[in-house]
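This is what each chain is made of:
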Amino acid sequence: MIRLLAGAAVLVMLLRPEWMEPLLAPLTRNGAPAIYTQSSLLGLTLLHLALVAAATLASALVAVALAVLVTRRAGAEFRPLARTITQVGQTLPPVAVLALAVPMLGFGTWPTLLALFLYGMLPIFENALTALSGLPPPVAEAARAMGYTPRQRLLKIELPLALPVILAGVRLSAVIALSTAAIGSTVAARTLGEVIIAGLVTNNPAFVVQGGLLVGLIAILLSDALTVLERRVSPYGSSGTRA
Amino acid sequence: MRIDRPGLVLAALGAAAMPLPFMQFRANRIVAGEAMAMPVWAIAAACVLLAIGAFRLPQVWRLGAAAVGIGLLIWLVGDMATGLDAPPAARASPGSGLWLLLGVFALLLADAITKMRPGLRMQTAILILACAAMAIVLVSGHLADVSVMREYAARSDIFASHARRHLLLAFGSLTAALAVGVPLGIWLHRERTARPSVMGTLNLVQTLPSLALFGMMIPLLSWVAASVPGAAALGIAGIGFAPALIALFLYSLLPVVGNTVVGLDGASPEAREAGRGMGMTPWQVLSRVSIPLALPVIVAAVRIVLVQNIGLAVIAGLIGGGGFGTFVFQGLAQNAADLILLGAIPTVVMALVAGIALDLVVKALQR
């Protein structure tokens, strides 16, 4: 029910932004416009989502690769290093990473991608690590009995079993990235943060509410969609998630 | 002698960083710079140190090599900047090669420390030692001619007040979140029916981008300042400190309330039963049994919130709330990298130190 409302609200805000005018107009002063029209909200939303998708995908690939590496016997040595990197990645404030990256990477998309990528690795890595470390002994036994090579065992048993837990980490990362990406607009990345900043700069709360609400509602929908996906891929049905 | 493979990877990364510009020299802070390379002797020394890290030597050696490496780099930066004997407007800033090498040595240090499996006391001692070393380097004035420190020298008076403001934002919002969130968590622990609505609301707050939450506080507080008698006299205004503090407070509530509930729910029923059996009142069971058992989980929330708020407090700089964000956004607006560093480096150091220190507290409580 709440989902339907959120979905409908997002659609209205994106496709028929002028319908929101009566709600947002009381927030403006001195006849300032209530609806952001400097660029299309739909376009900004798509750019915002693309940025989040790219960063989360990069975090997921690196984090899962690291987790697979450190759970093999040959890579166990790298475990402390991988832990340190992912933990420091999340401890570094994204705003600071963004600002520090600008002199090297320039303004716009790249510093934002870097900040989101670093910030998003930890939840996926930790979940992948937990899921890949705990193969139930009977399953491991069965794999050995069937003569699986370590590679087959990883691809056909461990990863499929770990998938829902990994996806739970991806969901967490994606939702955090979605609301953090807005900060990217302080260094000129094209995201919905632009709308919020336009509101801050021109002292127009209607823009701030518009941008903020849109990101918040999309975050709820995204989280729900990924939860559904998690249940879909769970080999145990709907109760397979751990984190 | 056997190879330490993580050490080998780090050494390769370090070697790749050496040809990159070690420092950038610019006649003033806006013009394009010329790159300065690392002196040959320093490259040789760094290679030896990285090689020590790449072999399976006793971890103390690897730790020592990493510490000497970091010391060498910092000494070299100060020495090269001073050696230029440049006019005050000139800027000698750290280059990408230096940052990468510092990162490599820091990772080597962390790898060696983890593999030494130090006890809690030892870890605390290392953290204090590292902080003391940073303080000594800063106080000694050896880095005075490096760009960031020149920016600092030009603003030393306002730097202190922005630092205080930043700390006040981070710790003030944390304190307020604990004062409200822990009792709220205790209440939710008992009133299960109220959970979905309260947690749902707090979750919703968390999904709003920080930028928007800061922004929404501005009209709200201007309205309060204008319409509630006495509010303006208390310093409540639409722009500045108050909206930043309240936005950070709202962001902190979910971790505090959530972890308090989880911690209290997790306190074993047997322990609570035993408390009741000893004739404790419900209040005594809560304060003497459940809360102490839940404490590590609650402190874990303090860790999350403090690290998060130290970072988010930067955004206060965007709405006139002060703090290190002021320098960051001034630097971004003027395209002055050194000014960005002046705001970003203290933020990063504070977040890292707070994160490591509170991790130690959580571990100490779990024992």
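Here is what the cut-offs are and how they apply
Residues numbered from 1 in each chain as written. Chains lettered and ligands numbered in written order. Predicted model: local features only at pLDDT ≥ 70, side-chain atom pairs only at ≥ 80, totals over all residues. Helix = DSSP H or I, 4+ residues; strand = E, 2+ residues; numbered from the N terminus. Buried ≥ 20, exposed ≤ 12 C-beta atoms within 10 Å, placed from the backbone. Contact = placed C-beta atoms within 7 Å. Axes fitted to C-alpha atoms, helices over the stretch in contact; angles between N-to-C directions. Parallel < 35°, antiparallel > 145°, perpendicular 65-115°, else oblique. Left-handed = near helix turned anticlockwise from the far one by under 90°. Nonpolar A, V, L, I, M, F, W, Y, C, P; charged D, E, K, R; others polar. Expected span 1.5 Å × (residues − 1). Bend = angle between axes of the 7 residues up to and from the residue. Domains from an automatic or database assignment. Arc of directions from axis to C-beta. Core = buried A, V, L, I, M, F, W, Y, C linked by C-beta atoms within 7 Å. pLDDT = per-residue confidence, 0-100. Pairing = 2+ DSSP bridges.

Here we take up the overall build of chain B. Within chain B one finds 14 helices and three strands. Considered along the principal axes of its C-alpha atoms, chain B spans approximately 75 × 60 × 30 Å. Per-residue burial for chain B yields a buried fraction of 43% across its 367 residues. Residue pairs in contact within chain B that sit at least 24 positions apart in sequence constitute 74% of those at least 6 positions apart.

On to the overall build of chain A, then. The secondary structure content of chain A amounts to 10 helices and zero strands. By principal-axis analysis of the C-alpha atoms, chain A measures approximately 75 × 45 × 20 Å. Among the 243 residues that make up chain A, the fraction classed as buried is 48%.

Attention now goes to the packing of helix H5 (residues 94-105) of chain A against helix H14 (residues 337-366) of chain B. For the pair H5(A) and H14(B), interaxial distance at closest approach is 9 Å and the crossing angle is 150°. It follows from the interaxial angle that H5(A) and H14(B) lie roughly antiparallel. Note on packing geometry: the crossing formed by H5(A) with H14(B) is left-handed. Along its contact with H5(A), which presents Ala96(A), Ala99(A), Leu100(A), Val102(A) and Pro103(A), the element H14(B) presents Ala337(B), Ile340(B), Ala344(B), Thr347(B) and Val348(B). Looking at side-chain class alone, the contact of H5(A) with H14(B) contains nine nonpolar, one polar and no charged residues.

Another point: helix H10 (residues 241-266) of chain B. With 26 residues, H10(B) should reach 38 Å at 1.5 Å per residue; the first-to-last C-alpha distance of 37 Å fits that figure. Its maximal kink placed at Ser252(B), H10(B) deviates by approximately 30°, while the proline Pro255(B) follows within four residues.

With that settled, the discussion passes to the interface of chain A and chain B. Taken residue by residue, the interface counts 36 residues in chain A and 37 residues in chain B. Secondary structure elements with two or more residues in the side of chain A that touches chain B: helix H4 (79-91), H5, helix H8 (150-180), helix H9 (193-201) and helix H10 (205-233) of chain A. Tallying contributions element by element places H10(A) first for the side of chain A that touches chain B, with nine residues.

A separate point is the domain arrangement of chain B. All names here are of chain B. Parsing chain B into structural domains produces domain 1 (5-154) and domain 2 (156-366). Every contact between the two is made by 13 residues of domain 1 and, on the other side, 15 residues of domain 2. Those elements that place two or more of their residues in the side of domain 1 that touches domain 2 are strand S3 (91-94), helix H5 (120-140) and helix H6 (147-154). Taken together, the residues that form the side of domain 1 that touches domain 2 break down as six nonpolar, four polar and three charged.

Residue and element names in this part refer to chain B. Compared with an ideal rise of 1.5 Å per residue, which puts 14 residues at 20 Å, helix H2 (residues 40-53) spans 20 Å between its outermost C-alpha atoms and is within 8% of the ideal. If you check which residues of H2 are buried, you get Ala46, Leu49, Leu50, Ile52 and Gly53. Seen end-on, H2 carries its buried residues on one side only, within an arc spanning 150°. Exposed residues pointing more than 90 degrees away from the buried face of H2 are listed as Val40, Trp41, Ala44 and Val48.

By size, the foremost hydrophobic cluster in this structure holds 175 residues, and its most contacted members are Ala63(A), Ala99(A), Phe125(A), Ala128(A), Ile166(A) and Ile340(B). Among the domains, domain 1 (5-154) and domain 2 (156-366) of chain B are the pair contributing at least three residues each to this core. Those residues in contact with Ala99(A) that lie beyond four places of it in its chain are Val328(B), Leu332(B), Ile340(B) and Ala344(B).

This part is about the environment of Ile298(B). Residues and elements named next belong to chain B. With respect to the helices and strands, the residue isoleucine 298 is situated in helix H12 (residues 282-312). The class for isoleucine 298 is buried, based on 22 C-beta atoms found within 10 Å. Not counting the four nearest positions on each side in its chain, isoleucine 298 is found in contact with Val182, Asn259, Thr260 and Gly263.

What follows concerns the confidence of the model for chain A. All names here are of chain A. Of all residues in chain A, 95% attain a pLDDT of 70 or more, and the chain-wide mean is 87. Model confidence for chain A, summarised as mean pLDDT per element, is weakest for helix H2 (residues 21-24) at 75 and strongest for helix H3 (residues 41-71) at 95. Note on residues 238-243: pLDDT under 50 across the span, and 14 contacts to partners over four residues away in sequence or across chains.

Residue and element names in this part refer to chain A. Relative orientation of the contacting elements H3 and helix H6 (residues 109-133) amounts to 40°, with a least axis distance of 6 Å. By the angle class used here, H3 and H6 are oblique. Every pair of crossing elements has a handedness; the one defined by H3 and H6 is right-handed. Its residues assigned to classes, the contact of H3 with H6 comprises 21 nonpolar, seven polar and no charged.

This part covers the sheet that holds strand S1 (residues 23-26) of chain B. Residues and elements named next belong to chain B. With antiparallel pairing, the three strands of this open sheet are ordered in space as S2-S1-S3. A strand with exactly one partner marks an edge of an open sheet, and here the two such strands are strand S2 (34-36) and S3. Taking each pair of neighbouring strands and ignoring which way they run, the sheet shows an average axis angle of 30°. The sheet contact formed by S1 and S3 spans four bridges and is antiparallel. Bridging across to S3, glutamine 24 finds its partner in serine 93. Docked against the sheet, helix H3 (residues 59-83) engages S1, S2 and S3, running at close to 165° with respect to S3.

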